Amino acid sequence: MPIKLEKIDTWIVDIPTIRPHVLSMTSISKQVMMLVRISFSDGSVGLGEGTTIGGLAYGDESPEGMKLAIDRYFAPLLIGRDGSEPAALMAILRSQIVGNHFAMHAVETALLDAAARRAGLPLSALLGGARQQRLPVLWTLASGDTGRDIEEAEAMLAARRHDTFKLKIGKRTMPEDVAHVAAIKRALGDRGSVRVDVNQAWDRITARKGAQMLADAGVDLIEQPLPRDDRLGMARLTASSPIAIMADEALRGPRDALEFVRDSAAHAFSLKPAQAGGLSAARDVAAIARAGHIGLYGGTMLEGGIGTTASAHLFASLPELEWGTELFGPLLQTEEILVEPLVYRDFALEVPTGPGLGVELDMDKVEHLRRDGPSRTVTGPSARENV
Ligand code: MUC
Ligand code: MG
């Protein structure tokens, strides 16, 4: 019997971060999530999330734009249809809607979550099955202050939460940034591995010099040093750099992945399901990376619990993640919106094993935090500890 897709709810939720998070293009002190809930005639529901960084500063879609796109354009294409075949519904959306990768990802996650819950299987089972139940997770040091970053890294090491650190650079001059990174790497020594994310801020000559200086400072990898449209620059840097070059913002789906492989324009890919256009598109990116001998890294858009869990199911199903993951988004937020928080222990995230995503939204919390909700006062436990 067909299971009718009856209703799509979307909410925007604002959650402050535990400290300012400074990237080359913007600084954030709150994270804005667009949450989706899809309800079906058999009583089943599925959850999804579309989250980006700094409104429109990072990518082409904003949370408000995603909500509008889903309410106004996605929902009429889906409501009333048989909801039991997520791939068929996604094909309808993709035939009628151009781009909108983050919104597509949120809706596909909700469709797959509901299908997996109905089947009584974890979402990873619909993606081929989990190969691992614990994903290594790094932490991003991005306070903008060297001393504070070192203190933060020491606290994470002491708590056995993270031993790999990504430093956000690109806001200051390259030599200032390298001095900042080198000071942190010196303080951590062999206890912590360090990599950097330039978020597109360098030009070719700066990147060439910077790669050598960062290699000398003991850094392992440079993420998206050049503008996202400079693939030739990335290819030249990949050929000359003494340390690994990773593509992030430049990868917006399987086609970009294929061209990066063709042009040898990266040593590693940051796999981001939202940027790719959904979990199935991201799985295609991963397959292309493997075929092209490109290392994989499980990236994040600093999503909350729903988006982070969706990525975790995909990443857990991949044969290899040479560069680990950065699925720490919920830990950067001061409020927990899941009934049971995700478990981070011994430098890893434990992938939920229950049906679907295996996590539930705390709807009281969502009601309090949602932008158009009845009240914006939060009463539950707040102010997440730093570690
Ligand atoms: C990015 O560019 O990778 C992921 C981790 C983090 O600190 O920022 C994001 C975005
Ligand atoms: Mg990045």
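Let me sum up the structure you'll find in this document. Quantities reported herein were computed from a predicted structural model and do not represent experimental measurements.

Some points on the packing of helix H2 (residues 86–96) against helix H3 (residues 101–119)
Argument step 1. Relative to each other, H2 and H3 sit at 160 degrees, their axes nearing to 10 Å. Between H2 and H3, the crossing angle belongs to the class labelled roughly antiparallel. Between H2 and H3 lies a crossing of right-handed hand. Each of Pro86, Leu89, Met90, Leu93 and Arg94 in H2 lies in contact with H3, whose residues at this interface are Met104, Val107, Glu108, Leu111, Leu112 and Ala115.
Argument step 2. Classifying every residue of the contact of H2 with H3 gives nine nonpolar, no polar and two charged.

Focus on the packing of aromatic side chains
Argument step 1. On inspection of all chains with the given rule, the structure shows two aromatic pairs.
Argument step 2. Ring centres of Phe260 and Phe269 lie 6.1 Å apart, and the angle between their planes is 85 degrees; on these two criteria the pair is classed as edge-to-face.
Argument step 3. Directly above the ring of Phe40 sits Arg118, whose terminal nitrogen or CZ lies 4.5 Å from the centroid.

Some words on the site of ligand 1
Argument step 1. As a matter of local geometry, ligand 1 sits amid 15 residues, with His21, Tyr58, Thr140, Lys166 and Asn199 nearest to it.
Argument step 2. The separation between an oxygen atom of ligand 1 and a polar side-chain atom of Thr140 is 3.0 Å.
Argument step 3. In the environment of ligand 1, an oxygen atom lies 3.1 Å from a nitrogen or oxygen atom belonging to the side chain of Lys168.
Argument step 4. Protein burial of ligand 1: of its 280 Å² of free accessible surface, 100% is covered by the chains.
Argument step 5. Put simply, ligand 1 lies in the largest cavity.
Argument step 6. When its residues are assigned to classes, the shell around ligand 1 shows four nonpolar, four polar and seven charged.
Argument step 7. Two domains each donate at least three residues to the shell around ligand 1, and these are domain 1 (5–120 + 361–375) and domain 2 (126–350).

Rules used in this analysis
Residues numbered from 1 in each chain as written. Chains lettered and ligands numbered in written order. Predicted model: local features only at pLDDT ≥ 70, side-chain atom pairs only at ≥ 80, totals over all residues. Heavy atoms only, no water. Axes fitted to C-alpha atoms, helices over the stretch in contact; angles between N-to-C directions. Helix = DSSP H or I, 4+ residues; strand = E, 2+ residues; numbered from the N terminus. Parallel < 35°, antiparallel > 145°, perpendicular 65-115°, else oblique. Left-handed = near helix turned anticlockwise from the far one by under 90°. Contact = heavy atoms within 4.5 Å. Nonpolar A, V, L, I, M, F, W, Y, C, P; charged D, E, K, R; others polar. Phe/Tyr/Trp six-rings, centres within 6.5 Å; stacked < 30°, edge-to-face > 60°. Lys NZ or Arg CZ within 6 Å of the ring centre and 35° of its normal. Near = heavy atom within 4 Å. Polar contact = N/O pair within 3.5 Å; in protein donor to acceptor, adjacent residues only side chain to side chain. Areas by Shrake-Rupley, 256 points an atom, 1.4 Å probe, with all protein chains shown as cover. 1 Å grid on protein atoms, 1.4 Å probe; cavity = no way out; pocket = protein on both sides within 12 Å on 5 of 7 lines; lining within 4 Å. Sits in = over half its atoms within 2 Å of the grid points. Domains from an automatic or database assignment.

Structural measurements only, silent on function.
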